[in-house]
Amino acid sequence: YLKIAFPREEVDIDSLATQTFPAKDIQYWKDCFHWFLQAITLCENKPLVLKSPTHTGRLGMLSELYPDARFIHLSRHPYSLIPSTIKLWQSLSQVQGLQATSDPAKDEDFVFACFERMYQGYEHGLEAVPNSRLIEVSYEKLT
């Protein structure tokens, strides 16, 4: 969210993968996240579905916090995904940003850095998730 508001600023992407979370922040993050999920399910007695791409690199931690959780990893071909994500970041910063938009080359570098970090976390977290609790499917195959 900081990157949306301040598109020209460097932001910390360590929280995109649990193995790069600062050790001092892990328990605090878990407690806040659990509280958040409880708050949004307070009035609803139905399964919660999280679909934020930022959770991709948190697979292991989420599996640890919620051992009965099921995971669906929906992937897209990089030739479609990368340009779409760059365009998304540029449009978010134009509409919601508090600064003039950043350099497009920096947006591209940011997107690549985020995906690299998230997928390192995803690969690292796979060992924590039983095969019976994870489905991987490509967007192209799904559609």
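Below or above, wherever it landed, is the structure these notes cover.

## A short note on the overall build of the protein
Argument step 1. Counting secondary structure elements, the protein contains 6 helices and 2 strands.
Argument step 2. Expressed as lengths along the three principal axes of its C-alpha atoms, the size of the protein is roughly 45 × 35 × 30 Å.
Argument step 3. Taking all 143 residues of the protein together, 30% fall into the buried category.
Argument step 4. Look at the contacts in the protein between residues 6 or more apart in sequence, and 76% of them connect residues 24 or more apart.
Argument step 5. Here the protein displays about 10,100 Å² of accessible surface, and carbon together with sulfur accounts for 57% of that area.
Argument step 6. Distance from the positive charge centre (14 side chains) to the negative charge centre (18 side chains) of the protein: 6 Å.

## Focus: the side chain of S63
Argument step 1. As for its position among the elements, S63 is in helix α3 (residues 59-65).
Argument step 2. A residue is classified by how much of its surface remains accessible, and S63, at 9% relative accessible area, is buried.
Argument step 3. Excluding its chain neighbours within four sequence positions, the residues that come into contact with S63 are F71, A128 and V129.

## Remarks on the pattern of salt bridges
Argument step 1. In total, this model carries 4 salt bridges according to the counting rule given.
Argument step 2. Of the charged contacts, one joins E64 and K30 as a salt bridge, the two residues approaching to 2.6 Å between their closest N and O atoms. Of this pair, E64 sits in helix α3 while K30 sits in helix α2 (residues 26-41), and the two are 34 residues apart along the sequence.
Argument step 3. With a relative accessible area of 53%, E64 lands in the exposed category.
Argument step 4. On the accessibility criterion, K30 (11% relative accessible area) is buried.
Argument step 5. When the shortest N-O distance is used, the salt bridge between E44 and K46 registers 3.9 Å.

Rules used in this analysis
The residue numbering used here restarts from 1 in each chain and proceeds along that chain's sequence as written. For this predicted model, a pLDDT threshold of at least 70 governs which residues receive local features, and a threshold of 80 or more governs which side-chain atom pairs are given and counted, while totals over whole chains, interfaces and linings are taken from all residues. Side-chain measures here rest on the full set of heavy atoms in the structure, leaving out hydrogens and waters. Runs of E in the DSSP output that reach at least two residues are strands. Runs of H or I that reach at least four are helices, and both are numbered from the N terminus. Note on classification: 1.4 Å probe, protein chains only; a residue is buried when its accessible area is under 20% of the maximum for its type, exposed when over 50%, partly exposed between these limits. When checking whether two residues touch, look at their non-hydrogen atoms; a contact exists if any pair is within 4.5 Å. Here the Shrake-Rupley method, with its probe set to 1.4 Å, supplies the accessible areas, and only the displayed protein chains count as covering residues. By the counting scheme adopted, Arg and Lys are positive, Glu and Asp are negative, and His together with the chain ends is not counted. Charge positions come from single atoms, namely NZ of Lys, CZ of Arg, CG of Asp or CD of Glu. We count a salt bridge whenever a side-chain nitrogen from Lys or Arg sits within 4 Å of a carboxyl oxygen from Asp or Glu.

On their own, these measurements won't tell you what the molecule is for.
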